[in-house]
Each structure stands twice: as structure tokens, then as C-alpha cells.
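# Descriptive analysis of the structure
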Amino acid sequence: MAEKQPQELSEILQIRRDKLNNMQEQGNDPYLHTRFDVDRKAQEILDKFEELEGKEVSVAGRIMSRRGMGKVAFMDLQDSTGRVQIYAKIDEMGEEAYKAMQAALDIGDIVGVKGEVFRTQRGEISVKAMELTILSKALLPLPEKYHGLTNTDARYRQRYLDLIMNPESREVFVKRTKIISAIREFLDGQDFLEVETPVLHTQAEGAAARPFITHHNTLDMDMYLRIALELHLKRLIVGGFDRVYEIGRNFRNEGMDAWHNPEFTMLEFYQAYTDINGMMDQTENLIRFVAHRVLGTGTVERNGVVIDLDKPFGRISMVEAVKQHAGVDFTQVESIEEARRLADEHHIEYEQRHKKGEILNLFFEKYCEDKLIQPTFLTGHPVDISPLAKKDPANPEYTQRFELFICGSEYANAFSELNDPIDQRQRFEAQAAQKAAGDDEACDVDEDFLTALEYGLPPTGGMGMGVDRLVMLLTGATSIRDVLLFPTMKPIE
């Protein structure tokens, strides 16, 4: 579609404003309407035609197309459920009302229609308009109908236009809501209690991430938008709630790409008296339940590959994965010097502050991550990169932690939660030392959380999952911006 020239667009805008002025001068100001009683939706009329044929209905929505300028006009009215044809005839509406409609109406206007359900001679289910009221005037024209809104930047910046023009976008966000409802249904059915915890924190905690910093004027102190839900939820386990979960926004002041947005939706749930194995079972069952509830199937296709969520999820340790895909056996690596030598040989960049476990993780990221296509639980994370996970009793260099990978990307992270306050203090202090050495994603020592642990945290399993990524998986979206109604965008100068 050729873009309209500024002069042509200016003329279109003026014509629409002139129509509005004429309506207002004639006492038909559309903006004075405060309500319109709707008793049927577009899709309902199509689905229940046999029941509704010959009956009067009241519908409202946006005019998306318009045909015929003589004594008969056809229009497509779009509401939140779909489209239905409006048939307007001068004999049915009356000459004065019909001519006023033809003079004032534009594509994009929001109208209310009262009329009779019937089928045209061509067989199209329609509403024969007896009354048509313009409820809101569109002073800007919609994008050209045969092309829709295809510019991705415009779709994200003007999501309202994307939703008007692209039914597939609306469907993604309908599914998003259903996915979140299904998550709640599953967890509520497992006797979890949904809770809300603070968004403003006095410390950035619960994850390795750079926070957003704000200032509280009354208290005259800096605060952080939360980067994770974890530590407050574990405080509730200490307090006696055995199963809790929260679905809420997190904020991380980091890079933006197809998988990352500065604000995103996180699910975290915690269950007392279970461990990493219980969390794997819960996570696998949750994802499978949601897929079947929303899609009616346990299989989805991503990049031409069928992902089977019904099969038992794979399980492999980080050490095993690196040995399998990089040919390096970290069970034989005894010193940081040897780990650095192996990294140099394999052209893996690292920093001097990185420990052996962190270098192992760099090997995994380079050689293994993109190989985990079918759902796979990656286990056995080093203590060096897991400050909140319980050590593996059989091998204290590693923790009882998993990350869930699907199509080479991480979807969930879970632990047997660390409940030893002495060990937790040591790990917090190690993180604080890393932060002092220049790691702006490391956390500080949280004295209040340590105090809570000293009152006793039962053996607990916890899991965190990016809800936006799950929505991407189940809708086939390729960018997180496609599943966020209003993704973060740099303002246009």
C-alpha cells in the first residue's frame, strides 16, 4: 500500500472533523452519548442464527468496512468477539435517518445498531438496521484494510490499532489471560494460597539482576523495584503457610531482546516439606495442565519442531551435559587454574573473579543450551551460581537446583531451598564481595531474611517461571513483545 501523502492525509482529517462539526451543529454530538444497551455480540449472532433469525437485537462496535452509497449500504461491524454484517436500507431506517448516517459515517466510527437478524440473498448472516447511532467519531483513519497494521514497531507502540486490525493479535492476548487463569486453577487445586508481596524493596534480592532504583521522598531513602518474588514468599513459609504462590510483575534494568523486557510477569510458588524432585513433578504437571486447558493438546510446534509436553520431561545434570556436548569432564577438574586453562583452550571468555562453577556454567551456555529442544530439567548447578539453593548432600560443590529448558531457552528455575541460616549468611557475604568487586548483578546481605531463617524454614521446594515465556511457547510467538500488551519502547523524538 502506498503511503498517503501529507496533503491527502490532511484533507481526510479535515473532512472527518467537518462531519463531526456538522453532527454537533445538528444536535447529534456523538460524544454526548453515555451508554448503549447491548444484548448480543457479533459471534453470538453468527453462532445462534437459527435461534435469533427474525428477532430484534442490539449490537455495538466499530465499523471496519462500508459498501454501497445509494439506497442500500452494507457495513462490517466488529466487536470484541468478531464481525457481523450490518444491512442498512433507506426504506427500513427512514429517509432522514438514512441520509444523516450516510453523510456522517466513516470507517472506524463506533456505532450502536438496533435491528433484525436475517440472511441476505447471498446467504450472509446480517443485522437489518432499524436504528444506527454513531457513539464515537474516529477522527483518524484506520490502516488500509487489506494490509492491516504490519509494521512491528507501530504494532507495539499503538497496540490499540494492532488489536483493531489484527484478529490474531487479539487471540494471543485472550490466550494469555486463559493461560494465567489455568495456572491459578492448577495451583489452587493443589491447595496453594495466592498472595501479594511488595513491589518496592529496600534491597535488590532473590536473583542475579541489575535493579531499577527509585527514591521514597517521605522516608528519604532509595528503594528498588523488585527483581524477584522469592525472599518474601519464603518468609511466608517461615510464618506457617505451607504452600504459597504469586503471579506478579518483576523489573530488571537489563538488555532488551526477543526474550527480555524490563518489566515481565513472574510466577513463583513454594511448597514446604518437599524438594527439587517435588518441584520437577509440580512444574511438569503445571505446564501440561495449562497446555491442555488452553490449547486442548499437549503438543506445540516451534520453529518446525513438534514439542511434546505429554512425554516425561528429560533430566540431565550440568556436568553430564558439558561432558556430552563439549567433551569436558568437570568431575576431573580440581582447581580454578585447570578450569581457566580449559576455558582458554575452548575460546570461552571469563573474568578473573569467576570461580570454577561459574566457568562450568559458561561451558554449558556455549555448548549445551541450544541442544535442549524437548522439555529437559537441567540439574546439578554449582554453588557458585546458586546462592539461594541447598547444597547437594552427596556433592557439596553442587546444589539441588534445576532449570527447565525447552527449544534451547530457559523457562523455569527451581531449588531445594537453602534453609541453613549460617550457610545462607556465608553465601550472601560471598555475593556482597562479588558486588564490591564490580558484579552489579550480585546481591547484598539481607539481615531480615537471615533472621527469618533463624526462626526456622522447613525443608522447602520453590520454583520460578516467566509467564511471558510460557505464553510465547503456547501461542507460537517469537518475541516477548508479541505477548505483552504494552512492551517497553523508546519514545519517538
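Structural data are supplied above this passage.
Just so it is clear, the structure is predicted and the values come from calculations on it, not from any experiment.

In a beta sheet, neighbouring strands pair by backbone hydrogen bonds and run either parallel or antiparallel. The sheet built from eight strands is open, its strands ordered β6-β10-β11-β20-β19-β18-β15-β14 with mixed pairing. Both edges of this open sheet fall to β6 (193–194) and β14 (314–317), since each of them pairs with a single strand only. Running at roughly 155° to strand β10 (residues 243–251), helix α8 (residues 167–189) makes contact with β6, β10 and β11 (263–272) of the sheet. Packed onto the sheet, helix α11 (residues 318–326) meets β14 and β15 (376–379) and runs at close to 85° relative to β14.

Moving on: the packing of helix α14 (residues 421–436) against helix α15 (residues 447–454). With their axes 9 Å apart at the nearest point, α14 and α15 run at an angle of 165° to one another. In terms of their interaxial angle, α14 and α15 are classed as roughly antiparallel. You can see that α14 and α15 cross each other, and the crossing is right-handed. Here P421, Q424, R425 and F428 of α14 come into contact with α15, specifically with E447, F449, L450, L453 and E454.

As enumerated under the stated definition, the model contains 34 salt bridges in all. Where D162 meets R159, a salt bridge forms, and the shortest distance between an N and an O atom there is 2.7 Å. Residue D162 and its partner R159 are located together in helix α7 (residues 159–165), separated by three residues, close to a single helical turn. Just as D162 is buried, R159 falls in that class too.

The next thing to look at is the nonpolar core. In this structure, I183, L267, F269, L286, M463 and L474 are the most contacted members of the largest nonpolar core, which totals 43 residues. At the level of secondary structure, the elements contributing two or more residues to this core comprise α8, β10, β11, α10 (276–295), β18 (401–406), β19 (409–416), β20 (460–466) and α16 (467–475). A per-element tally of this core places α10 first, with eight residues. L474 has contacts with I179, V290, A291, L295, V300 and L309, leaving out every residue within four places of it along the chain. Judged by nonpolar contacts, the second largest core, of 28 residues, contains F49, L52, I90 and V117.

Rules of the game
Residues numbered from 1 in each chain as written. Predicted model: local features only at pLDDT ≥ 70, side-chain atom pairs only at ≥ 80, totals over all residues. Heavy atoms only, no water. Pairing = 2+ DSSP bridges. Helix = DSSP H or I, 4+ residues; strand = E, 2+ residues; numbered from the N terminus. Contact = heavy atoms within 4.5 Å. Axes fitted to C-alpha atoms, helices over the stretch in contact; angles between N-to-C directions. Parallel < 35°, antiparallel > 145°, perpendicular 65-115°, else oblique. Left-handed = near helix turned anticlockwise from the far one by under 90°. Salt bridge = Lys/Arg side-chain N within 4 Å of Asp/Glu carboxyl O. Buried < 20%, exposed > 50% of the residue type's maximum accessible area, 1.4 Å probe, protein only. Core = buried A, V, L, I, M, F, W, Y, C linked by side-chain atoms within 4.5 Å.

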